[in-house]
Amino acid sequence: MEVKSKKVNPRPHFEIFGKKTSIIYNKRKAEVRMKRLFIFTLIALFGLTMFSETLVLRNGKTINGKVVGYTNDSIILENGKKYSINDVRDLIFAKMDQGSKTTKSVKASKLKKWEYNKFKKLFDIAKDKLEKFPSVKYVQLWDMGSHTLKYNGPTVYQYHFLAYVNSYEGVQDLSKKELYYGSTTYKTELLMGRVIYPDGTVYNVDPKDFQVVKPQSEGWSYGGGKRKVYSFPNIKKGVLVEFIARYTNLKPDNPKLFESGYAFQGDIPVYKSTFTMTLPKTLVLNKKVERRNVKFNYITRNMPKGTAKPKIKITKYNRIYFWEVNNMPPFIKEPYAVNEEDLVPNIQGTILQKRSELDSWVGKMEQERMIVTPVVEQTLKSILNTPSPKDTKLNKTEINLAKIYHWVQTNINYLSVKGSVSSGLSGHPAEETIKNGKGDCIDKAIVMATLAMALKDPNLIVYPVTVKANDSEKQIVEIPVIDGNHAISEVHLKNAKTGEWKIFYLDGTASSYRYPYFRGDDKGITAVNEILGTVRMIPVPKPEKEKNFYTIEASINKKGVITGHTRGDYNGDYEARLRNLYMYRKGDNERRQIFGNMVNGMSPKGELTDYKLSDAFDYFHPFVLQYSYKLYDFPTITKNFVITTLPGVDYSFPEYQLNKRTTPIEYNSSRFTGHKVTITIPKGYKIEFLPHEIDLKSDEVHYSAHYTYKDGKIYFEDSYKRYNRIIVQNNYLQNLDIHKQILNYVKEPIVLRKK
């Protein structure tokens, strides 16, 4: 009955929008965390879409299929099967070309004495680390990244990795190294790779010996998205694995917007972590000086004491920044915690000094795609010709906007097809997306804005805005960097009577949200409007805007059978999830099974007698569920007593499972759950015991409940409100006590005594 309190990700797709989001390529999470923040143009090369893939499990088994979605912890294939992300070692969106048919046999060699002495010390350091962290799959000894912007535009990122293998899982993780490359303008190299044994025996990887992974369709991602796969030989527990990789972008999309970043902690302990940034003093493009006195405009977060400021070295031609963070323990993620990138030490920076430089570039591309053409006008006309609701408080402008919103949700299928960095950032022209009937988040936002523009309504303006969904780390807005993974719509609506403008947000990427509600993972985050050059906070709504409320009427007969009827009223995420479910579960048998499961959740011997639900495709009215049932073994019957709890009233708070926390709890949005229950007791019985009234408050939550009895009926009302999206750890113990009391309270019995 109760919609469980759980942080979810409702997006059924992998969305790459900007620079730092990569789910599939985080095969080696510790390594990738250290280096994945380095350049948006690298990640923009690999926009993920749904094609044939191969899953490689950690046990070595390969599974071919088509990815159709994912949850927080699973990958879902077209055949309906789910595979835990923890069990997946690799996901290949490609077919193998034969870069080399087989890995060559590798001959052993020996380290020179001076080098052996150096690595012998590292073996000892690794063993010391394992005394503190014995269960880790490997210990990372060196985590060294460097990023260089050349004076004439090219960029070079180099990464030096060294780890001590401590488990079979570590062997599996480090046995292959993948380098990404996509075109003649983007070059990747394995400069060195080797496996080092404690006795100084070395097995070197030949940089020319690799396999090529290539997408089936060259048009699905910018630059082709190919990968080189190198095999590291003779890895076993107790050895060192080392490699140096270099990524060179010979022709960046816009060197004037160069940015970079680095994180210093992951789920693997690290002995030594460094990041070096090298910038030219003068940037010269097309034989023209584009920027003098180039400097790194950066922010640092969560850095250990004394490490936030870099060492800066100035040479004749360059300015070099150097950070070092040592002896980092593995990051331990608590359940329902905020994204770890908001908690680990990291650096973000750019050579831009003003946000206006970035906004003008992106905003101009967006406006170029927001052109009202005859196709756009004809589409708008057909949208407005759909029936308007008669019983609505919406004015004409909002009715038209609601129709556009619903049309974009249901008529533009989500599919990301990117041909360049510009289309990744600002989408395709609105007409093109409408004709194709498909697009991703920014494409939908562009269409929304363009259709609103075609209305020519002086009371309405809609803009595409860049956000970072709240199941990711916080969007960086303190400095002008490209840091979004999603795009939605910012609505400016004028009150025709007062002349006042209000600003709110819509998200066309879902398919079941009733105007003016939008996805939960868009709330409590910043929205960057590149066209206006503004940064605004999207507020967390009042709990009543995220409602699931149940009205329950039930009666108990002398045999203890409960006859009940439940009505559920919803809005926000709750409503959208249910509407989406019943949009696709249309058959009576399917729906009866769903309602039957809810009844059986109240009592194993429950029986569904009837159900009713409103039209799932009616976007102008709230979605309502109703169902009737009989519960045969819900109360406990004795000779003189009937003992029962409230049917259909339950709560679940899995986020409160720890005795203490060191990190905040994060939700998608606020929450309101309430019940209004009426129970008719059997004749000949009286109330022996009703639970007392309760009222529990903290800064974040408020729960109240009370019982009354009158004329043979028990009345119960309760209200649970959570106001905040994030619960700070300092308030955890108080809230833990409140939630324990709630769970105990709703289990307290009602006792009836025979007169």
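Everything below is about the structure printed above this text.
Residues numbered from 1 in each chain as written. Predicted model: local features only at pLDDT ≥ 70, side-chain atom pairs only at ≥ 80, totals over all residues. Heavy atoms only, no water.

### Focus: the pairing of strand β9 (residues 155-165)
Then comes step 1: Of all 11 residues making up β9, 10 are buried, and the element is well covered by its neighbours.
Then comes step 2: Between strand β8 (residues 138-149) and β9, which pair antiparallel and follow one another directly, the connecting turn spans 5 residues, one of which, G153, has a positive phi of 120 degrees. (Buried < 20%, exposed > 50% of the residue type's maximum accessible area, 1.4 Å probe, protein only. Helix = DSSP H or I, 4+ residues; strand = E, 2+ residues; numbered from the N terminus. Pairing = 2+ DSSP bridges.)

### Some details on unusual backbone geometry
Then comes step 1: Looking along the chain, the bond that leaves Y515 and enters P516 is cis, with omega of 5 degrees.
Then comes step 2: For N234, which is not a glycine, the phi torsion comes out positive at approximately 55 degrees.
Then comes step 3: Residue position: N234 is located in the loop between β14 (226-231) and β15 (240-249).
Then comes step 4: Of note, the phi angle at N327 is positive, near 55 degrees, even though the residue is not glycine.
Then comes step 5: The residue N327 is located in strand β22 (residues 318-328) in this model.
Then comes step 6: Assessed through its relative accessible area of 44%, N327 is described here as partly exposed.

### Some remarks on the sheet that holds strand β23 (residues 346-350)
Then comes step 1: The 3 strands lie next to each other as β16-β23-β20, forming an open sheet whose pairing is antiparallel. Taken across any chain shown, the strands that pair with only one partner, and hence form the sheet edges, are β16 (259-263) and β20 (297-301). Put simply, the sheet's adjacent strands are angled 10 degrees from each other on average, direction ignored. (Axes fitted to C-alpha atoms, helices over the stretch in contact; angles between N-to-C directions.)

### Regarding the packing of helix α6 (residues 374-384) against helix α7 (residues 396-411)
Then comes step 1: Two elements in contact, α6 and α7, have axes separated by 9 Å at closest approach and are oriented at 110 degrees. Looking at the two axes, α6 sits roughly perpendicular to α7. Counting all contacts with α6, which are made through T379, L380, I383 and L384, the residues of α7 involved are N400, K403, I404 and W407.
Then comes step 2: Of the residues belonging to the contact of α6 with α7, the class tally is 5 nonpolar, 2 polar and 1 charged. (Parallel < 35°, antiparallel > 145°, perpendicular 65-115°, else oblique. Contact = heavy atoms within 4.5 Å. Nonpolar A, V, L, I, M, F, W, Y, C, P; charged D, E, K, R; others polar.)

### Re the nonpolar core
Then comes step 1: One finds Y582, F595, Y627, Y703 and F716 to be the most contacted residues of the largest nonpolar core, which totals 57 residues.
Then comes step 2: Apart from residues no more than four positions distant in its own chain, F595 is found in contact with Y582, L608, Y611, L613, L625, Q626 and Y627.
Then comes step 3: The next biggest cluster of nonpolar side chains, apart from the first, holds 46 residues, and it includes F232, V241, Y247 and Y262. (Core = buried A, V, L, I, M, F, W, Y, C linked by side-chain atoms within 4.5 Å.)

### Some remarks on helix α11 (residues 572-584)
Then comes step 1: When the terminal C-alpha atoms of α11 are compared, their 19 Å separation across 13 residues agrees well with the 18 Å that a helix rising 1.5 Å per residue should span.
Then comes step 2: Restricting attention to buried positions, one finds in α11 the residues G572, D573, Y574, E575, A576, L578, R579, Y582 and M583.
Then comes step 3: Tucked inside the fold, the buried residues of α11 contact β31 (547-556), β32 (562-570), α12 (588-602), β33 (606-613), β34 (624-631) and β38 (671-680). (Expected span 1.5 Å × (residues − 1).)

### Some details on the layout of surface pockets
Then comes step 1: Quantified by volume, the second largest pocket comes out at close to 540 Å³.
Then comes step 2: What lines the second largest pocket is a set of 17 residues, and nearest its centre among them are F504, P516, F518, P541 and K545. (1 Å grid on protein atoms, 1.4 Å probe; cavity = no way out; pocket = protein on both sides within 12 Å on 5 of 7 lines; lining within 4 Å. Points joined across faces, edges and corners; volume = space filled by probe spheres on them.)

### Overview of the pairing of strand β36 (residues 641-644)
Then comes step 1: Along β36, the buried face is formed by V642 and T644; none of F641 and I643, which line the opposite face, is buried.
Then comes step 2: When strand β35 (residues 636-637) meets β36, the two strands line up antiparallel, connected through 2 bridges. For T636, the partnering residue across the bridge sits in β36 and is I643.
Then comes step 3: If you look at the hairpin formed by β35 and β36, you'll find 3 residues sitting between the two strands.

### Some remarks on the pattern of salt bridges
Then comes step 1: Considering all chains together, one arrives at 26 salt bridges under this definition.
Then comes step 2: Between E242 and R194 there is a salt bridge; the shortest N-O distance is 2.7 Å. Linking E242 in strand β15 with R194 in strand β11 (residues 186-196), this pair joins segments that are 48 residues apart in sequence.
Then comes step 3: For R194, a relative accessible area of 10% puts it in the buried group.
Then comes step 4: A salt bridge links E431 to K435; its shortest N-O distance comes to 2.9 Å. Here E431 pairs with K435, and both are found in helix α9 (residues 430-436), just 4 residues apart, close to one helical turn.
Then comes step 5: Accessibility expressed as a relative area gives 57% for K435, which makes it exposed.
Then comes step 6: One connected set of salt bridges, linked through shared partners, spans E115, R194 and E242. (Salt bridge = Lys/Arg side-chain N within 4 Å of Asp/Glu carboxyl O.)

### Observations concerning the side chain of E473
Then comes step 1: Looking at the element boundaries, E473 is found in the loop between β26 (460-467) and β27 (486-494).
Then comes step 2: Of note is the side chain of E473, whose polar atom sits 3.1 Å from the side chain of K468. (Polar contact = N/O pair within 3.5 Å; in protein donor to acceptor, adjacent residues only side chain to side chain.)

### Re the packing of aromatic side chains
Then comes step 1: A complete count under the given rule lists 34 aromatic pairs for this structure.
Then comes step 2: Ring geometry for Y197 and Y203: centres 5.6 Å apart, planes at 65 degrees, overall edge-to-face.
Then comes step 3: A relative accessible area of 16% places Y203 in the buried class.
Then comes step 4: Considering the side-chain rings of F296 and Y321, the 5.8 Å spacing of their centres and the 55 degrees angle between planes classify their relative orientation as tilted. Of this pair, F296 sits in the loop between β19 (288-292) and β20 while Y321 sits in strand β22; the two residues are 25 residues apart in sequence, bridging distant segments of the chain.
Then comes step 5: Through successive ring pairs, a cluster of aromatic residues spans Y262, F264, F275, F296, Y298, Y321 and W323.
Then comes step 6: The ring of Y619 is capped by R579, whose NZ or CZ atom sits 5.4 Å from the centre of that ring.
Then comes step 7: The ring of Y667 has R722 lying over it, and the distance from NZ or CZ to the ring centre is 3.5 Å. (Phe/Tyr/Trp six-rings, centres within 6.5 Å; stacked < 30°, edge-to-face > 60°. Lys NZ or Arg CZ within 6 Å of the ring centre and 35° of its normal.)

### Overview of a positive patch on the surface
Then comes step 1: On the surface, a cluster of positive charge is contributed by K558, K639, K683 and K754.
Then comes step 2: Tracing the backbone through its elements, the reader meets K639 in the loop between β35 and β36. (Patch = residues over 30% accessible without salt bridge, like charges linked within 9 Å, V, L, I, M, F, W, Y side chains within 5 Å. Areas by Shrake-Rupley, 256 points an atom, 1.4 Å probe, with all protein chains shown as cover. Lys, Arg positive; Asp, Glu negative; His and termini not counted. Charge placed at Lys NZ, Arg CZ, Asp CG, Glu CD.)

### Quick look at the sheet that holds β35
Then comes step 1: Pairing within the open sheet is antiparallel, and its 4 strands lie in the order β35-β36-β44-β39. Each end of this open sheet is capped by a strand with a single partner; those strands are β35 and β39 (685-689).
Then comes step 2: Bridging between β39 and strand β44 (residues 750-754) involves 4 bridges; their strand directions are antiparallel. Pairing of K686 across the sheet is with R753, part of β44.

### Side note on the environment of D695
Then comes step 1: Among the structural elements, D695 can be located in strand β40 (residues 694-697).
Then comes step 2: Classification of D695 by relative accessible area gives partly exposed; the value is 45%.
Then comes step 3: In sequence terms D695 and A705 are 10 residues apart; their C-alpha atoms lie 6.6 Å from each other.
Then comes step 4: The residues touching D695, leaving out its near neighbours within four places in the chain, are H702, Y703 and S704.
Then comes step 5: Polar side-chain contacts of D695 include one of 3.1 Å to the side chain of H702.

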